[in-house]
Amino acid sequence: MALVLHAGDTNKNGFKALIAAEYSGVQVELAKNFVMGVSNKTPEFLKMNPIGKVPVLETPDGPIFESNAIARYVTRLKADNPLYGCSLIEYAHIEQWIDYASMEIDSNIARWLYPRLGYMPYLAVAEESAISSLKRALGALNSHLASSTYLVGHSVTLADIVMTCNLHIGFSRILVKSFTSEFPHVERYFWTMVNQPNFHKVVGEVKQADSVPPVPSQKKPVQPKEPAKPKEVKKEPKKEPVKPKVQEVMEEEEEAPKPKPKNPLDLLPPSKMILDEWKRLYSNTKTNFREVAIKVQVVLLIVLWIMTSGFWDMYDPEGYSLWFCDYKYNDENTVSFVTLNKVSGFLQRMDLTRKYAFGKMLVIGSEPPFKVKGVWLFRGQEIPKFVLDEVYDMELYDWAKVDISDEAQKERVNAMIEDQEPFEGEALLDAKCFK
């Protein structure tokens, strides 16, 4: 029995097994006349995969579903297949990048693309989170590929096959040039892979998306009117109360888009602190600080005093709260640029709270492991729930509310806002601001 792959001929998850088969010299045939949404709903298909997902591979020993499992099976049909590396550590790294391609690249492309195609409900906040997470993942991949042609070793492996197939749907459907140009090594890698003969034989010519799919309309579809029936001569029926205007109004109300629900923080009592005014003061003061820092030390001290005293003059303890955060896993911060990228990624994912927050993050230490600490100003008396729900980094930090009646804690806030160095006896590697 030949291996039969049940999937459409443009299915990027089906591509994985087909490309692996080309490299491994294994014969895999596509199921004939496969129609997505029809073929995968038949009783025969559901016996192979009860939830009807594609692809499914028919083998002499029974069916296999899940695309990465299928690709692994096809690869292992060839003994000592170089697609799985030449050593135990290469094998582990290949598995590592397969997981990364699935969990960090594919999932975030899907969270951005599928709502715009109408497969999932569209939520702007969720899209922002997906784009931010995807940029973080592509940034790390870009750094890895800066000095490597392939993900592992010096030739194509199964990791490259899975990664390229997962990138394929992004490049062809939503990752426009202006977006991918931020990741030049990823661009070079993707176009190198899809033009390899064994890839090109399966995926064909690839054209990069020239626009992002529009957000689908939230209005209910208009029902087509029934064709007019031929007039019949009838006796005039008894007149009933006229109701067309009421009915039209009801139909219009039903079709009108529902107002966007307000953020709970917008429903809090007004605060005397205008967050934008504080951010403006901070930005202007920091600009002056950089201009005078080299020239006059006394002016520097005055500028810093204006900034921190201005903050406490504006601060409203009833409308806002201050929080210290300390990274839980500082012992892992052994590489400076990785630690800085970690903090930058956190600030990117906090973008959904820009209207309601201000933050300073410090990376501390002249040598590893580096410490990451911060102070955050949030609207309200607690950390907003939508931030805890949407920004997974929050659980990587210990959070403690600032007691502003404690002068020592207020001084610590001042030191963080000012980028004071040394901070708590240690040099600053970097300081980042969210405003």
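Residues numbered from 1 in each chain as written. Predicted model: local features only at pLDDT ≥ 70, side-chain atom pairs only at ≥ 80, totals over all residues. Heavy atoms only, no water.

Novice: What is the right way to look at the pattern of salt bridges in this model?
Specialist: Side-chain pairs of opposite charge can arise where the charged atoms are in close proximity. In total, this model carries 16 salt bridges according to the counting rule given. Note that glutamate 187 and lysine 177 form a salt bridge whose closest N and O atoms lie 2.9 Å from each other. Linking glutamate 187 in helix α8 (residues 184-194) with lysine 177 in helix α7 (residues 177-180), this pair joins segments that are 10 residues apart in sequence. (Salt bridge = Lys/Arg side-chain N within 4 Å of Asp/Glu carboxyl O. Helix = DSSP H or I, 4+ residues; strand = E, 2+ residues; numbered from the N terminus.)

Novice: Looking at this structure, I do not really get the sheet that holds strand β4 (residues 62-65). What am I missing?
Specialist: The pairing of strands in a sheet happens through backbone hydrogen bonds and is either parallel or antiparallel. The strand order β2-β1-β3-β4 describes an open sheet built from 4 strands, whose pairing is mixed. On the outer flanks of this sheet lie β2 (28-30) and β4, each paired with one strand and no other. Recorded for the sheet is a direction-independent mean angle of 25 degrees between the axes of neighbouring strands. One ladder, built from 3 bridges, connects strand β1 (residues 3-6) with β2; its direction is parallel. In the sheet register, leucine 5 faces β2, and the bridge partner there is leucine 30. Where helix α3 (residues 67-76) meets the sheet, its contacts fall on β1, β2, β3 (56-59) and β4, and the angle it forms with β4 comes to roughly 125 degrees. (Pairing = 2+ DSSP bridges. Axes fitted to C-alpha atoms, helices over the stretch in contact; angles between N-to-C directions. Contact = heavy atoms within 4.5 Å.)

Novice: So what exactly am I meant to see when it comes to the packing of aromatic side chains here?
Specialist: If you walk through the whole model with that rule in mind, you get 26 aromatic pairs. Where tyrosine 84 meets tyrosine 91, the ring centres are 5.3 Å apart and the plane angle is 50 degrees; that geometry is what we call tilted. Overall, tyrosine 84 belongs to the buried group, its relative accessible area being 9%. Arranged with centres 5.9 Å apart and planes meeting at 85 degrees, the rings of tyrosine 327 and tyrosine 329 form a pair that is edge-to-face. Grouped by ring-pair contacts, the aromatic residues Tyr327, Tyr329, Phe346, Trp376, Phe378, Tyr397, Trp399 and Phe434 constitute a single cluster. Taking NZ or CZ as reference, arginine 412 lies 4.5 Å from the ring centre of phenylalanine 324, over its face. (Phe/Tyr/Trp six-rings, centres within 6.5 Å; stacked < 30°, edge-to-face > 60°. Buried < 20%, exposed > 50% of the residue type's maximum accessible area, 1.4 Å probe, protein only. Lys NZ or Arg CZ within 6 Å of the ring centre and 35° of its normal.)

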